[in-house]
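Structural overview for review
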Amino acid sequence: MTLQRPDARGRFGTYGGVFAPETLMPALDELERAFEEAWADDGFVGRFHEILSTYVGRPTPLHEAARLSEHLGFRVLLKREDLAHTGAHKINNAIGQALLAQRMGKPRIIAETGAGQHGVATATAAAYLGLECVVYMGAKDMERQRLNVERMRLLGTAVEPVTTGASTLKDAVSAAFRNWVETVETTHYIIGSVVGPHPFPWIVREFQRVIGDEALAQLDELPDLVVACVGGGSNAMGIFHPFADKGLELVGVEAAGLGVDTEHHGASIGAGSPGVLHGSQTYMLQDDDGQVEEAYSISAGLDYPGVGPEHAYFADLGIARYESVTDAEAIEGVKLLCRTEGILPALETAHAIAWLEKAKSDLAGKTVLVNVSGRGDKDVDTILEHL
Ligand SMILES: *Cc1c(COP(=O)(O)O)cnc(C)c1O
């Protein structure tokens, strides 16, 4: 049996918790109470699902990947989050938290973004609900993801460049937390993955579990494995959670970058160790002195030196296992899905696809459900550079 919600201290086993400045404690308490009430309120849950249906385009299809299955030698089913509005699963959480902000009477939203997908999803939710929105983004990521920066601006969001540290996602998260401390009376911070201090990992998982709940209802029989890529871990936890007590294998695929034995990867579980990052105890990349190390991946969405605390808990208990895939393998994963199914996946998603090819000799005869977390239009320039 898996834990349905974190314990009273906001922990999943020894992971999670609340490591935050005193000034944020009242806001985190308020958020926990507001979410608890909202999630028990049929009116709120109904509104959330109505928006997902009429605006986001849910339920997303479950696609029988016949030609990919033939190529691999086992049955593959694809959950098509790439077909959700704005092109990835991130919109589910953005809509949920924006509704929560509105319910709490907060007119301003902030968010951090790496690939820009969470920024675009949040800017979209803010426009839809008429909320003010500011997105923090590493200056380096702004260069890598110009299209998403312009999309956010068109949606009426202010994009704040972050130039501290490596100017990537980790630094954007820190900048967003700093701003939240100063503006917490009027502002809600929409974290984009199952990370951060309690109650965020729990809230984001609950808003994303619609992926797994839908898949369960769409399947004619249970698969043998469920596979998803893992950055912070929200698309994976969203599809895993409803399957976690079903006795099947859950596989999270992290970014091995240039190799997990190099200094250039994002495998927080596979090659990291427990520590405190962005408000919670979890697996993270750190040096011998406990300093956070830079993550690296070809995909900006997996380029994060930590992972959600519930994944750390799943890893230790063996509820899920975590593998990794290199940049080069991910590029092959893009080509494979394009050519067998006519689907251009995000580079993040391509890690999950590439793992199927790597593990194919062990998977003969099985049925594998894969989460296609997003579409790859945003990555075409990067893919071309590596081909
Ligand atoms: C952001 C993103 C991810 C990684 O984030 P998770 O929280 O691990 O899901 C994966 N795929 C896509 C398409 C993304 O945009």
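Residues numbered from 1 in each chain as written. Predicted model: local features only at pLDDT ≥ 70, side-chain atom pairs only at ≥ 80, totals over all residues. Heavy atoms only, no water.

What follows deals with the layout of surface pockets. The volume enclosed by the largest pocket comes to roughly 430 Å³. Considering the residues around the largest pocket, the lining is formed by 23 residues, among which Arg-144, Gln-145, Ile-298, Ala-300 and Thr-382 are closest to the centre. Listing elements by their share of the lining of the largest pocket, those giving two or more residues are helix H6 (139-144), helix H7 (146-154) and helix H16 (380-386). Tallying contributions element by element places H16 first for the lining of the largest pocket, with five residues. For the lining of the largest pocket, the residue count by class is seven nonpolar, six polar and 10 charged. (1 Å grid on protein atoms, 1.4 Å probe; cavity = no way out; pocket = protein on both sides within 12 Å on 5 of 7 lines; lining within 4 Å. Points joined across faces, edges and corners; volume = space filled by probe spheres on them. Helix = DSSP H or I, 4+ residues; strand = E, 2+ residues; numbered from the N terminus. Nonpolar A, V, L, I, M, F, W, Y, C, P; charged D, E, K, R; others polar.)

Of all five residues that make up strand E12 (residues 280-284), five are buried, and the element is covered over most of its length. In terms of strand pairing, strand E11 (residues 273-277) meets E12 through five bridges, oriented antiparallel. Across the sheet, the residue bridging to Leu-277 is Ser-280, located in E12. Here E11 folds back onto E12 in antiparallel fashion, the turn holding two residues, of which His-278 has a positive phi close to 45 degrees. (Buried < 20%, exposed > 50% of the residue type's maximum accessible area, 1.4 Å probe, protein only. Pairing = 2+ DSSP bridges.)

Between the first and last C-alpha of helix H4 (residues 90-103) there are 20 Å, a value that for 14 residues agrees with the 20 Å anticipated at 1.5 Å per step. Residues of H4 that are buried include every one of Lys-90, Ile-91, Asn-92, Asn-93, Ala-94, Ile-95, Gly-96, Gln-97, Ala-98, Leu-99, Leu-100 and Ala-101, and no others. After H4 finishes, the residue Gly-105 shows a positive phi value of roughly 75 degrees. (Expected span 1.5 Å × (residues − 1).)

Attention now goes to the domain arrangement of the chain. Domain parsing of the chain yields domain 1 (11-52 + 90-204) and domain 2 (57-87 + 209-386). In this structure, domain 1 and domain 2 have C-alpha centres spaced 22 Å apart. Between domain 1 and domain 2 lies a buried interface of about 3000 Å² when both sides are counted; carbon and sulfur atoms form 61% of it. The largest per-residue losses of area from domain 1 upon contact with domain 2 belong to Phe-12, Tyr-15 and Lys-170, which jointly make up 23% of the total buried on that side. Linking domain 1 with domain 2 are two salt bridges. Its salt-bridge partner being Glu-294, residue Lys-170 comes within 3.5 Å of it at the nearest N-O pair. Counting across the domain 1 and domain 2 interface gives 13 residue pairs in polar contact (both at pLDDT 80 or more). Examining the composition of the side of domain 1 that touches domain 2, we find that five residues originate from one element, helix H8 (residues 169-183), more than from any other. (Domains from an automatic or database assignment. Buried area = accessible area lost by both parts, 1.4 Å probe. Salt bridge = Lys/Arg side-chain N within 4 Å of Asp/Glu carboxyl O. Polar contact = N/O pair within 3.5 Å; in protein donor to acceptor, adjacent residues only side chain to side chain.)

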